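Single-letter residue listing:
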Amino acid sequence: MNDWIDVCPFDDIDDEDVMRFDHAGKTYAVYRCGDQVYATDGLCTHEKIHLADGLVMDHVIECPKHNGRFNIRDGRALGAPVCVNLRTWPARVHEGRVQIQLEAVGLHG
Amino acid sequence: MTTASAATATSPTPLSRSRDDYRLIGGAGERAQTAGLVNAQWYQCAVPRAELKALMKRDDAHALRDTALWYGLILGCGALFVHGWTAGWNGWALALAYLAYATLYSSPADSRWHECSHGTAFKTRWMNDALYQLASFQLTRRPTRWRWSHARHHTDTLVTGRDPEFNVMLPPDLPALLLNFFALKNVPHELWVTLRHATGHISAEEKTFIPEMAWPSAVRTARAWVLAYVLIAGTAVVTQSWLPVLLLGAQPSMAGAWLMHTLGLTQHVGLPENVLDHRLNSRTILMGPVLRFLYWNMNYHVEHHMFPLVPYHALPKLHALMKHDCPPPYTSTPQALAEILPAIWRQRRDTGFSIARPLPPRP
């Protein structure tokens, strides 16, 4: 089993919001929707914009530059101008902290 | 947490340029790439994340109200024109009624097309898509092509050889500018290319910004448009009346384009190319409530380009949050045009000329 990587306290991410997390030279986006947390690659697959500056609505992240949308649960691209799915990563809340598992193969994408 | 970033601007080309520089293939795009202007980091004013999130929130109510009012006005003016047509009004009265109808049919469709292409007008996705298709038809603007070109416009705003949506390329083509007050170049071009798309042909330049997966959609929509035009013409023949042609399709698109064209000029024209700061290459103009309704607040153009997730109805609040870090807004459309028109005139001979907007001192 791969190690879980600590991101931040759960309360550091507002409900229906996203936080940027940089690790080992790569950037990720970590989301909170209610009691659930999710993680994806941090850059939009369309023009490599940081998704952490975007808007989270109903389990959808919207890119701040061109409004491309992805489902944060499975990384599906939901229509123009994004065509390529987003890679997702396992995420959990453990003892009040958000953790993600990056060594594992991405769930989708 | 606030959003804040800085960008440096570097010109990839000599200041003077020709229209060939604007070609997406073989133009100045490669030099722009080398100069770091493509898909670059742009300046963003510092706006607290919490306040930005509040402004980005979507709803259906604003756009449903405004769309109902807009189509109500179109129908009202259309009914007045049809009444005048059948009652035999004199030429001037009938022309004025038609101009009001066509202006409402065409010009506000530009901002509706625009907001719905971003998906910010409504919270409900299908409502954005439906109004996007309707507004595109009213403008005679191919929906697939322009959705993708607009994404590129936001990535590389006014980057020579990359942005497909230059309103005025240098040196300015004055006859084309004048003709397009009634879309006399744009609409025939769109109709011609629609026919080409309907036969499955998409140009090499368009393929630089429309991904392959979207080509079938471009072809399908073009065929639907051809069918719509056949129906309009067929109805005119069957009813032995010009009314269907006057009320729907390209004719009202052109007759009512003057306001859209005028407002479109104010967005970027005369401002410098190849700068990575929307405060320098876009304009914010203060307008009255009528124009802001017709234009869906696109007069806050610096704000829109810097934060395109913010819906049109929240742009005045965004303006209040960031105006201290922006050039002073123009106080009226005539004030902006008084700067733009002489700039266009000068750029006929001096393509290196552009208007420098004053930035506030950095804190």
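As the structure is a computational prediction, the values presented were derived from the model and not from experiment. (Residues numbered from 1 in each chain as written. Chains lettered and ligands numbered in written order. Predicted model: local features only at pLDDT ≥ 70, side-chain atom pairs only at ≥ 80, totals over all residues.)

1. Description of the interface of chain B and chain A
Put simply, the test is: Two residues qualify as a contact pair if the distance between their C-beta atoms, derived from the backbone, is within 7 Å. A run of H or I in DSSP counts as a helix once it spans at least four residues, and a run of E counts as a strand once it spans at least two, with each numbered from the N terminus. Side-chain classes follow a simple rule in which Ala, Val, Leu, Ile, Met, Phe, Trp, Tyr, Cys and Pro form the nonpolar group, Asp, Glu, Lys and Arg form the charged group, and the remainder, Gly included, forms the polar group.
Each partner contributes to the interface: chain B provides 18 residues, whereas chain A provides 15 residues. The set of elements that each furnish at least two residues to the side of chain B that touches chain A consists of helix H2 (49-56) and helix H6 (143-155) of chain B. Counting residues per element, the side of chain B that touches chain A draws most heavily on H6(B), at 5 residues. For the side of chain B that touches chain A, the class distribution of residues is 8 nonpolar, 7 polar and 3 charged.

2. Structural notes on the sheet that holds strand S10 (residues 97-100) of chain A
All names here are of chain A. Rule in force here: Should DSSP find at least two bridges between two strands, the strands are regarded as paired. All axes here are fitted lines through C-alpha atoms, helices being fitted over the stretch that makes contact, and every angle between N-to-C directions spans 0 to 180 degrees.
Taking strand neighbours across the sheet as the criterion, the 3 strands line up as S1-S10-S9 in an open arrangement whose pairing is antiparallel. Only two strands of the sheet have a single neighbouring strand rather than two, namely strand S1 (5-9) and strand S9 (91-94). Put simply, the sheet's adjacent strands are angled 30 degrees from each other on average, direction ignored. Sheet topology places S9 next to S10; 4 bridges connect them, and they run antiparallel. Residue pairing for S10: His94 is matched across the bridge by Arg97.

3. What to know about the pairing of strand S4 (residues 36-41) of chain A
All names here are of chain A. In plain terms, the rule: We call a residue exposed when 12 or fewer other C-beta atoms sit within 10 Å of its C-beta, buried when the count reaches 20 or more, and partly exposed for counts in between; the C-beta positions come from the backbone.
The element S4 is largely enclosed, with a buried count of 5 among its 6 residues. Taken together, the 2 bridges between S4 and strand S8 (residues 88-89) define a ladder with antiparallel strand orientation. Each residue of the ladder has a partner; that of Thr40, found in S8, is Thr88.

4. Concerning helix H9 (residues 215-239) of chain B
Residues and elements named next belong to chain B. Heads up, the condition is: Helix span is expected to be 1.5 Å times the residue number reduced by one.
The terminal C-alpha atoms of H9 lie 36 Å apart, and with 25 residues this matches the ideal 36 Å at 1.5 Å per residue to within 8%. Of all the residues in H9, the buried ones are Ala218, Thr221, Ala222 and Trp225. Among the structural elements, helix H5 (125-139), H6 and helix H8 (186-198) are those in contact with the buried residues of H9. Backbone geometry just downstream of H9 places Gln240 in the positive-phi region, at approximately 50 degrees.

5. Focus: unusual backbone geometry
Residues and elements named next belong to chain B. Following Leu170, the chain continues to Pro171 via a peptide bond in cis, the omega torsion being -5 degrees. Residue Gln240 is not a glycine yet carries a positive backbone phi of 50 degrees. Secondary-structure assignment places Gln240 in the loop between H9 and helix H10 (243-247). Assessed through the 6 C-beta atoms surrounding it within 10 Å, Gln240 is described here as exposed. Phi angles above zero are rare outside glycine, and Asn274 is one such case at about 60 degrees.

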